[in-house]
Amino acid sequence: MIRAILLIAILVLSNSLIAKPLITKVSESFELSGSKIYTVDSDILKRKYELYVKLPSGYSNDDNKNKTYPIIYLNDGPHTFKVASGVTHFKDMDKAIVVAISFAHGENGQYSRVRDLTPVVDSGWKRYTTGGASKYLQFIEKEVMPFIEGSFRGDPTRRILSGHSLGGSFGAWVLLTNPQLFSTYILTSPSLWFKDEMIFDLENKYASHNNTLPVNVYIATGALETIQKSHMRNDMVDGHKRFLAKLQSRNYRGLKLSGEVVSGTDHYSTFPVGLAKGLRWVYQDLWAI
């Protein structure tokens, strides 16, 4: 009993002698080095959006003053910018200017993205407006790109469009309607089911008039994105496999295509994995930069 009491006393005394760190609150939030935010008052859309921009490390160094960089364009900016900034943090991945477009000012994010990222009206969506993708793409091409590529040393021949979910199906739609606006498409968990899988009809139409598709395309979907494994309304894995197989079967000249069903990820966790793998494929296997 005496030994136990002595041991407790020693422990208490030892703890009292441990220096306590001085912790001071520095800022309300973490600031991302090299990042900038701009507001675009769009004449095309009659709405305001923010552009989140991150420049690669060394961009401002004197020995890089004549260097141009690939540009990664993302939608769903409040989510994708943070993920993309993390994915491109390390040197081997920090090779591009990252640009993410926010939701429209003053709007619910889901309302904004559903309208802007869907190419046709779908009357089955009762809570949301659909069909705004054409004007949204005009906004990107005529207002966002000229600003970014006029303000920073971006290489217009190495534009990357990356999107997730409806952003991924938006990317697939751009791929088949204005493919050479971007040189590379990184699409994760694309909602290919939208409007009765209209994307497959669009691909058939494209193939009937074209035998070339000179772009790089990487598509990733999570292995858990099935009706059985996630109780989703649509089998994303099945759509992914069929779309990939359709593109492969065309033998489009100039198309470099890669895709995978990512083990262990679901609809909410595939984007960072797919973006990292897609960028690694483009940077190292295709561009060797």
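As a reminder, the structure under discussion sits directly above these lines.
Computed from a predicted model, the values in this text were never measured in an experiment. (Residues numbered from 1 in each chain as written. Predicted model: local features only at pLDDT ≥ 70, side-chain atom pairs only at ≥ 80, totals over all residues. Heavy atoms only, no water.)

**What to know about the overall build of the protein**
Then, in step 1: Within the protein one finds 9 helices and 8 strands.
Then, in step 2: When contacts within the protein are restricted to residue pairs at least 6 apart in sequence, long-range pairs at least 24 apart make up 72% of them.
Then, in step 3: Carbon together with sulfur atoms contributes 54% to the accessible area of the protein, which is approximately 15,300 Å² in total.
Then, in step 4: Taking the average location of the 34 positive side-chain charges in the protein and that of its 27 negative ones, the two points are 2 Å from each other. (Helix = DSSP H or I, 4+ residues; strand = E, 2+ residues; numbered from the N terminus. Contact = heavy atoms within 4.5 Å. Areas by Shrake-Rupley, 256 points an atom, 1.4 Å probe, with all protein chains shown as cover. Lys, Arg positive; Asp, Glu negative; His and termini not counted. Charge placed at Lys NZ, Arg CZ, Asp CG, Glu CD.)

**Things to note about the packing of helix α3 (residues 109–117) against helix α5 (residues 166–177)**
Then, in step 1: The interhelical angle for the contact between α3 and α5, taken along N-to-C directions, is 15°, at an axis separation of 9 Å. Overall, the two elements α3 and α5 adopt an arrangement that is roughly parallel. Helix-helix and strand crossings are classified by hand; for α3 and α5 the assignment is left-handed. In contact with R113, V114, D116 and L117 of α3, α5 contributes L166, G167 and F170.
Then, in step 2: Residues belonging to the contact of α3 with α5 are distributed by class as follows: 4 nonpolar, 1 polar and 2 charged. (Axes fitted to C-alpha atoms, helices over the stretch in contact; angles between N-to-C directions. Parallel < 35°, antiparallel > 145°, perpendicular 65-115°, else oblique. Left-handed = near helix turned anticlockwise from the far one by under 90°. Nonpolar A, V, L, I, M, F, W, Y, C, P; charged D, E, K, R; others polar.)

**Regarding the layout of surface pockets**
Then, in step 1: Taken as a whole, the largest pocket encloses approximately 460 Å³ of empty space.
Then, in step 2: Here the lining of the largest pocket is composed, by residue class, of 6 nonpolar, 7 polar and 3 charged. (1 Å grid on protein atoms, 1.4 Å probe; cavity = no way out; pocket = protein on both sides within 12 Å on 5 of 7 lines; lining within 4 Å. Points joined across faces, edges and corners; volume = space filled by probe spheres on them.)

**Notes on the side chain of T184**
Then, in step 1: One can find T184 in strand β6 (residues 184–188).
Then, in step 2: The exposure class assigned to T184 is buried, which follows from its relative accessible area of 0%.
Then, in step 3: Within the local environment of T184, its side chain forms a polar contact with the side chain of S183, the two groups lying 3.3 Å apart.
Then, in step 4: Sequence-distant contacts of T184, that is, excluding residues within four places in its chain, are made with R159, I160, L161, N216, V282 and W287. (Buried < 20%, exposed > 50% of the residue type's maximum accessible area, 1.4 Å probe, protein only. Polar contact = N/O pair within 3.5 Å; in protein donor to acceptor, adjacent residues only side chain to side chain.)

**Some thoughts on the side chain of E225**
Then, in step 1: Positionally, E225 belongs in the loop between β7 (216–222) and α7 (227–230).
Then, in step 2: Buried and without a salt bridge, E225 has R113 as its closest oppositely charged side chain, separated by 11 Å.
Then, in step 3: A distance of 2.6 Å separates the side chain of E225 from the side chain of S189, its partner in a polar contact.
Then, in step 4: Excluding residues within four positions of it along the chain, E225 makes contact with S189, S230, M232, N234, D235, M236, V237, T265, D266, H267 and T270. (Salt bridge = Lys/Arg side-chain N within 4 Å of Asp/Glu carboxyl O.)

**Considering the sheet that holds strand β5 (residues 154–164)**
Then, in step 1: Strand order in the open sheet formed by 8 strands is β1-β2-β4-β3-β5-β6-β7-β8, and the pairing between neighbours is mixed. Each edge of the open sheet is held by one strand with a lone partner, namely β1 (35–41) and β8 (256–262). Strand-to-strand, the axes of this sheet are offset by a mean angle of 15°, without reference to chain direction.
Then, in step 2: In this sheet, strand β4 (residues 97–101) lies alongside strand β3 (residues 69–74) in parallel orientation, the contact comprising 4 bridges. Across the sheet, the residue bridging to L74 is A100, located in β4. (Pairing = 2+ DSSP bridges.)

**Some remarks on the packing of aromatic side chains**
Then, in step 1: The full count for this structure, using the stated rule, is 18 aromatic pairs.
Then, in step 2: On the numbers, 5.6 Å between centres and 70° between planes, the contact of Y206 with Y252 is edge-to-face. With Y206 in helix α6 (residues 194–209) and Y252 in the loop between α8 (236–250) and β8, the pair connects residues that are 46 residues apart, well separated along the chain. An identical accessibility class is assigned to Y206 and Y252; each is buried.
Then, in step 3: For the ring pair Y218 and W281, a centre distance of 6.2 Å and an interplane angle of 40° mean the geometry is tilted. In this pair, Y218 sits in strand β7 while W281 sits in helix α9 (residues 270–287), placing the two residues 63 residues apart along the sequence.
Then, in step 4: Using a relative accessible area of 12% as the deciding quantity, one classes W281 as buried.
Then, in step 5: Three or more aromatic residues joined by ring pairs make a cluster, and in this case those are Y49, Y136, F139, F170 and W173.
Then, in step 6: If you follow R153 out to its NZ or CZ, it ends over the ring of Y59, 4.1 Å from the centre. (Phe/Tyr/Trp six-rings, centres within 6.5 Å; stacked < 30°, edge-to-face > 60°. Lys NZ or Arg CZ within 6 Å of the ring centre and 35° of its normal.)

**Section: helix α2 (residues 77–87)**
Then, in step 1: Of the positions making up α2, those classed as buried are G77, T80, F81, V83, A84, S85 and V87.
Then, in step 2: Looking at the buried residues of α2, the elements they touch are β1, β2 (48–54), β3, β4 and α9.

Treat this as a map of the structure, not an account of what it does.
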